[in-house]
Amino acid sequence: MIFSPTYLSSLQTLLASPAVARGGASQPSPLATFLAESQQAGAQLTRAWQAAADTSARQQVEVQLLAGAAADLAVLVRSGGQDEPAMRGAEALWPLIQTGLTQPETLQQPSIRPRHYRGADKDLLAAVYGVLMSIREDATETISDAITGALTMNFAILREAARLAGTDMKTLLKDLGAEELTALAGQALHKLLALVGEANLAHIQQAAQEALEKLQEKTAVATYMERFLATRTIYQESRALVQAYEGPDRDLARLTPQILAIEGSFSGRNKLAAAWIRLLALAKLIPALKTPPWGPLATASGYILIIGYELYTAHDHVDSDRYPFFDRVTGVHSLMTEALSRK
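My aim in this report is to walk through the structure given alongside it, one point at a time. In this text, all values refer to a predicted model and were calculated from it rather than measured experimentally. (Residues numbered from 1 in each chain as written. Predicted model: local features only at pLDDT ≥ 70, side-chain atom pairs only at ≥ 80, totals over all residues. Heavy atoms only, no water.)

## Examining the overall build of the protein
- Broken down by element type, the protein carries 16 helices and zero strands.
- Expected size for 343 residues packed as a compact globule is a radius of gyration near 20 Å; at 21 Å, the protein falls within 12% of this value.
- Per-residue burial over the protein gives 55% buried out of 343 residues.
- A separation of at least 24 residues holds for 78% of the contacts in the protein among residues at least 6 apart in sequence. (Helix = DSSP H or I, 4+ residues; strand = E, 2+ residues; numbered from the N terminus. Rg over C-alpha atoms; globule rule 2.2 N^0.38 Å. Buried < 20%, exposed > 50% of the residue type's maximum accessible area, 1.4 Å probe, protein only. Contact = heavy atoms within 4.5 Å.)

## Some thoughts on the nonpolar core
- Counting 116 residues, the largest nonpolar core has Ile259, Trp276 and Ile307 as the members making the most contacts within it.
- Sequence-distant contacts of Ile307, defined by excluding residues within four places in its chain, comprise Ile143, Ala146, Ile147, Ala208, Ala211 and Leu212. (Core = buried A, V, L, I, M, F, W, Y, C linked by side-chain atoms within 4.5 Å.)

## So, helix α5 (residues 94-102)
- Inspection of α5 places Trp94, Ile97, Gly100 and Leu101 among the buried residues, and these make up the whole buried set. Across the axial projection of α5, the buried residues extend over an arc of 125 degrees, all falling on one side. (Arc of directions from axis to C-beta.)

## Structural notes on the side chain of Arg136
- With respect to the element layout, Arg136 can be found in helix α6 (residues 120-150).
- On the basis of relative accessibility, which here comes to 16%, the residue Arg136 falls in the buried class.
- Sequence-distant contacts of Arg136, defined by excluding residues within four places in its chain, comprise Glu226, Leu229, Thr231 and Arg232.

## Section: the layout of surface pockets
- Taken as a whole, the largest pocket spans an internal volume of roughly 330 Å³.
- For the lining of the largest pocket, the secondary-structure elements that each account for two or more residues are α3 (55-79) and α13 (249-283).
- Counted by class, the lining of the largest pocket contains four nonpolar, 10 polar and one charged residues.
- Approximately 280 Å³ is the volume attributed to the second largest pocket.
- Lining the second largest pocket, in full, are Gln39, Gly42, Ala43, Thr46, Lys170, Gln187, His190, Lys191, Leu193, Ala194, Gly197 and Glu198.
- Those elements that provide at least two residues to the lining of the second largest pocket are α2 (30-50) and α9 (180-196).
- Looking at which element gives the most residues to the lining of the second largest pocket, the answer is α9, with five residues. (1 Å grid on protein atoms, 1.4 Å probe; cavity = no way out; pocket = protein on both sides within 12 Å on 5 of 7 lines; lining within 4 Å. Points joined across faces, edges and corners; volume = space filled by probe spheres on them. Nonpolar A, V, L, I, M, F, W, Y, C, P; charged D, E, K, R; others polar.)

## As for the packing of aromatic side chains
- What the rule picks out here adds up to 10 aromatic pairs.
- For the ring pair Tyr7 and Phe34, a centre distance of 5.7 Å and an interplane angle of 15 degrees mean the geometry is stacked. Remark: Phe34 occurs in helix α2 and Tyr7 occurs in helix α1 (residues 5-16); sequence separation between them is 27 residues.
- Owing to a relative accessible area of 0%, Phe34 belongs among the buried residues under this scheme.
- Ring centres of Tyr224 and Phe228 lie 6.4 Å apart, and the angle between their planes is 15 degrees; on these two criteria the pair is classed as stacked. Here the residue Tyr224 and the residue Phe228 both occupy positions in helix α11 (residues 221-229), the gap between them amounting to four residues, near one helical turn.
- What makes Phe228 buried here is its relative accessible area of 9%.
- Linked through ring pairs, Tyr224, Phe228, Tyr309, Tyr312, Tyr323, Phe325 and Phe326 together constitute an aromatic cluster.
- Directly above the aromatic system of Trp49 lies the positively charged group of Arg58, at a separation of 4.1 Å from the ring centroid.
- Between Arg328 and the ring centre of Phe326, over which it is positioned, the NZ or CZ distance is 3.9 Å. (Phe/Tyr/Trp six-rings, centres within 6.5 Å; stacked < 30°, edge-to-face > 60°. Lys NZ or Arg CZ within 6 Å of the ring centre and 35° of its normal.)

## Digging into helix α7 (residues 155-162)
- Every buried residue of α7 is accounted for by Phe155, Leu158, Ala161 and Ala162. Along α7, the residues classed as buried sweep out an arc of 115 degrees about the axis, all on the same side.
- Check the buried side of α7 and you find it contacts α6, α10 (201-216) and α15 (294-318).
- Taking the backbone nitrogen of Ala156 as reference, a side-chain oxygen 2.8 Å away marks Asn154 as the first, capping residue of α7. (Polar contact = N/O pair within 3.5 Å; in protein donor to acceptor, adjacent residues only side chain to side chain.)

So this is what it looks like as structure tokens:
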């Protein structure tokens, strides 16, 4: 395990407790102890993610980083003086967060099963279609929830968050560390920033701001997502590749489970991104995150980062070549092109 067992035990204790007591003069509070462990876990996961020996290991650590970011928000909601329904909302997500931290490979299992054999070409195209539609529909739902939450905020603050450069973001995170509750939000943002990559921050912010601007203009989320992901075009191009293919059927048959695995890879990330958005909706009601200037700006930055991350990770899974700066998996279009165009 990459992080220490005490991190998980502290997390479970905090989420199970009805209230978190502040420590005395000589004894740190459970929250302060968890903050230190969360910071250490985030640093360890980031190093492991950057040093991963292969794509599979890197994907698992990415899921753990997402789960760690969600854990910070869950503790924030649980500790922030919210009413009981809000606390139950955080607690209900604990099994998902725990699985993401301890068994990330479990969240990456594909949910789409191969159909009864109808021919290698038909089965492959059915898999391509099913995976593309699943990714688009799941991403649309998650982005829609994030947009709905973000647009309850002052749009000027969202714009300000979308303009924060790397040094400004680091300053924000440092300022959030002045108080335990806001420091938890800072830890969650730290992990998301590590995931998107500081070098990619401008791309992430631009995509999120564009989505917010377009959807504020009442463009349907589904329409926007289809335009961004281009799943119909990818399916048509995949279909043309299969129709032109003249090699052995066994190669098509071997490709089908690889396509299905892409759905599982995205699904694991998407479930945790969706959980993060649900928790952020609760966290932003806590007084510490409603206090200007850093509280609302932290919440707005959370929405910007998660919207940008969700957009690009969804696109990476359907077509990993269009945005080279966010090429972490071999997407559907890339896999089909690499496997069939040379046959």
